[in-house]
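Chain by chain, the residues:
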Amino acid sequence: MGIGTDRKSIETALSESVILTQVDKVIGWGRKYSFFLYPFITACCGMEFMSVAGPRYDIDRFGAALPRFSPRQADLLIVVGTISHKQAPILTKVYNQMTEPKWVFAYGACVVSGGMYDNYSTVQGIDTILPVDIYVPGCPPRPEMVFEGLMKLQDVVQQERAAKWPRGEAPYKKRSLEKP
Amino acid sequence: MGKLIDMVRQKFPEAVLSSHEDFGDETVTVQKERIVEIMKWLRDNEETAFNMLMDFTAVDYLGKEPRFEVVYHLYSVTLNHRFRVKAGVEEKDPTINSVVPLWRAADWLEREVWDLYGIVFMGHPNLKRILLYEEFEGHPLRKDYPINKRQPLIGPDN
C-alpha cells in the first residue's frame, strides 16, 4: 500500500500518527484559547469584571485568565466602563501600542453606545474611534453575558484567516483643537 | 430666626439681602462684593468658627437676574454646626472674589465652577480647567450650552 496523493489515502495510511488540518485553523485554535487581556477599566462595570475574573465565574475556564497591565503583552483589549472624550485619546494610544493580532471587546452599555450618557462629555460608543469585535450590552452585563460574548469572539477568532492581519493603527488621530 | 442668621445680620446689616432656614438649614444671601469679608468673619469669629468649607458650587438660573448664584456650604468642626451662604453673580460680569486665601479647599472647587459654569474667581492662584480638557470651548453646565454639542479630541465630530 503506497501513500497516495489524495488526502484520504494519507489519512488512512498515517491515521495512528498524523492529523491533517489547515495552518489557519491551528493558529486560530491556539489564539482563541489563550487571550491575554488588557482590562481598560474606567467605571462601575469594573466591579462586574472582577466577578468575571474571580473564582466564582472564572474567566480562566476560557483560557483568558491572565490580565496583562502592559498593552504590549496583551491581545484582547477589554474596554470596561464609560469612555469620556478626555479619555478617548488615551484609549486609542493603548490600542495602538498593542501588538497584532488584537481584538477589542466592548463591555457594557456605555462602551457599546454611550449608554445613558448622551451629553457633552461621553463618547457615544467606542466603535466611533476603534474597530470593535464584540459588543456586550448591559448595565453592567451579567458574567454569563460576558462569557457568551467571549465564546462568540472565540468562534470569530477560530474562523479568521491570516490575511486579516495586520489591522493597522486606529483610524483616527488626535486632532488639534487649539484656538487660532 | 436662626441664631447664625441673627449674628450675620447684626454684623453685616446692609450686606445680607435675604435669609431663610427652610428644613432647618440656615441660609443667607449676601452681596457678592462683601463675600470675602463676610467669610473671613464667619471663619475667625469664635461663635461661628467655620473652619471648614464643606462644599462650594454654583447654580444657573437662566432668565433670572442675577443669572448665577454661587453657594458655599460651611461647617464648624469645633462647634458642629453648619451654614449656607449664597451670592448672586450677573451674566455680564461673571466674577467674584476667591476664598482660596481663607480655605485651601476652595482651590479645586472654584476651578470646577470656573470649568463648568464660567464664573471667574478674582485672586485665585491657578484658575484653569480641572475636569475638562484645555481645548474645550464654553462651559457645559450653563443652561444655554446645547445638550447635543460635542467637542471630541479624537474621532468623528459627533
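About the criteria used
- Residues numbered from 1 in each chain as written.
- Chains lettered and ligands numbered in written order.
- Predicted model: local features only at pLDDT ≥ 70, side-chain atom pairs only at ≥ 80, totals over all residues.
- Heavy atoms only, no water.
- Phe/Tyr/Trp six-rings, centres within 6.5 Å; stacked < 30°, edge-to-face > 60°.
- Helix = DSSP H or I, 4+ residues; strand = E, 2+ residues; numbered from the N terminus.
- Lys NZ or Arg CZ within 6 Å of the ring centre and 35° of its normal.
- Contact = heavy atoms within 4.5 Å.
- Buried area = accessible area lost by both parts, 1.4 Å probe.
- Salt bridge = Lys/Arg side-chain N within 4 Å of Asp/Glu carboxyl O.
- Polar contact = N/O pair within 3.5 Å; in protein donor to acceptor, adjacent residues only side chain to side chain.
- Nonpolar A, V, L, I, M, F, W, Y, C, P; charged D, E, K, R; others polar.
- Buried < 20%, exposed > 50% of the residue type's maximum accessible area, 1.4 Å probe, protein only.

Remarks on the packing of aromatic side chains
- Summed over all chains, the structure comprises 14 aromatic pairs over all chains.
- Here the aromatic rings of A:F35 and A:W103 are separated by 5.4 Å at their centres, their planes lie at 80 degrees, and the arrangement is edge-to-face. Of this pair, A:F35 sits in the loop between α2 (23-32) and β1 (37-41) while A:W103 sits in strand β3 (residues 103-107); the two residues are 68 residues apart in sequence, bridging distant segments of the chain.
- Judged by centre distance (5.6 Å) and plane angle (80 degrees), the rings of B:Y133 and B:F136 are edge-to-face.
- Taken together, the ring pairs in this structure connect A:Y120, B:Y133, B:F136 and B:Y145 into an aromatic cluster.
- Stacked on the ring of A:Y95, the Lys or Arg A:K102 has its end atom at 4.2 Å from the ring centre.

Observations concerning the interface of chain B and chain A
- Contacts between the two partners involve 23 residues from chain B, matched on the other side by 18 residues from chain A.
- Buried surface at the junction of chain B and chain A, both sides included, amounts to about 1900 Å², of which 59% is carbon and sulfur.
- Taken as a group, B:R150, B:L153 and B:I154 account for 37% of the area that chain B buries against chain A, more than any other trio of residues on that side.
- Between B:R150 and A:D118 there is a salt bridge, with its nearest N and O atoms 2.4 Å apart.
- Viewed at the interface, chain A and chain B are joined by three residue pairs in polar contact (both at pLDDT 80 or more).
- Classifying every residue of the side of chain B that touches chain A gives 14 nonpolar, three polar and six charged.

Observations concerning the pattern of salt bridges
- This model, assessed by the stated rule, comprises 20 salt bridges over all chains.
- For A:K164, the salt bridge identified is with A:D133, shortest N-O distance 4.0 Å. Highlighted residues: A:K164 in the segment after α6 (143-159) and A:D133 in the loop between α5 (109-113) and β4 (134-136), separated in sequence by 31 residues.
- For A:K164, a relative accessible area of 32% gives the class partly exposed.
- Between B:K40 and B:D44 there is a salt bridge; the shortest N-O distance is 3.1 Å. With B:K40 and B:D44 both in helix α2 (residues 35-44), this residue pair falls four residues apart, about one helical turn.

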